[in-house]
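Residue-level listing of the chains:
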Amino acid sequence: MQWNEEKEKLKNRLRDSERALVMVADQKSQLAKQKDTLAKQLAKQKDVHTKQKAELEHKMLEEKKEMIDRQNSLAKEKAELEKKVLEEKKDMKKIMLEEKNEL
């Protein structure tokens, strides 16, 4: 009798161990699938971020070019205005000299 009871206990332990092993194998499989899914999501996000970064860099370069062009345009306008002011000062001096000579 004792032998049968011990045999039964061993069978139960073996069955429980097999079930635990199957559960661990299933869990391992699920974790592997999750890992693959997360790796794919990460790769997608990396692609999106890389694309966004490239777009932002392109936009920044365009804005920088526009700002440089604007700066050059303003510098040109400033030079023209300064030239105009000098000419007007010369004209004013001429007029003042003419008026002075008339007196």
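So, here is what we can say about the structure in this document. (Residues numbered from 1 in each chain as written. Predicted model: local features only at pLDDT ≥ 70, side-chain atom pairs only at ≥ 80, totals over all residues. Heavy atoms only, no water.)

Regarding the overall build of the chain
Definition in use: Think of it this way: any DSSP run of H or I at least four residues long counts as a helix, any run of E at least two long counts as a strand, and we number them from the N terminus. For the radius of gyration, the atoms used are the C-alpha atoms, and the globule rule reads 2.2 Å times the number of residues raised to 0.38. The cut-offs for exposure are 20% and 50% of the maximum accessible area for each residue type, with area from a 1.4 Å probe on protein chains only; residues under the lower value are buried, those over the upper are exposed, and the others partly exposed. Values of accessible area rely on a 1.4 Å probe in the Shrake-Rupley scheme; residue burial ignores everything except the protein chains shown. Counted as positive: Lys and Arg. Counted as negative: Asp and Glu, with His and the chain ends omitted from the count. Lys charges are placed at NZ, Arg charges at CZ, Asp charges at CG and Glu charges at CD.
Along its length, the chain carries 1 helix and 0 strands. For a compact globule of 103 residues, the expected C-alpha radius of gyration is about 13 Å, and the chain comes in at 44 Å, more than 25% above that figure. Projected onto the principal axes, the alpha-carbon positions of the chain cover approximately 150 × 20 × 5 Å. Across the 103 residues that make up the chain, the buried fraction comes to 0%. With the model as given, the accessible surface of the chain reaches about 10900 Å², and the carbon-plus-sulfur share is 58%. Charge centroids of the chain, computed over 27 positive and 23 negative side chains, lie 7 Å from each other.

Let's talk about the environment of Ile95
Examined against the element boundaries, Ile95 turns out to sit in helix H1 (residues 2-102). Classification of Ile95 as partly exposed rests on a relative accessible area of 40%. As for Ile95 and Gln52, which are separated by 43 residues in sequence, their C-alpha atoms are 63 Å apart.

Here we look at the environment of Lys51
Mapped onto the elements, Lys51 comes out in helix H1. A sequence separation of 47 residues divides Lys51 from Asn4, and the C-alpha atoms of the two residues are 70 Å apart.

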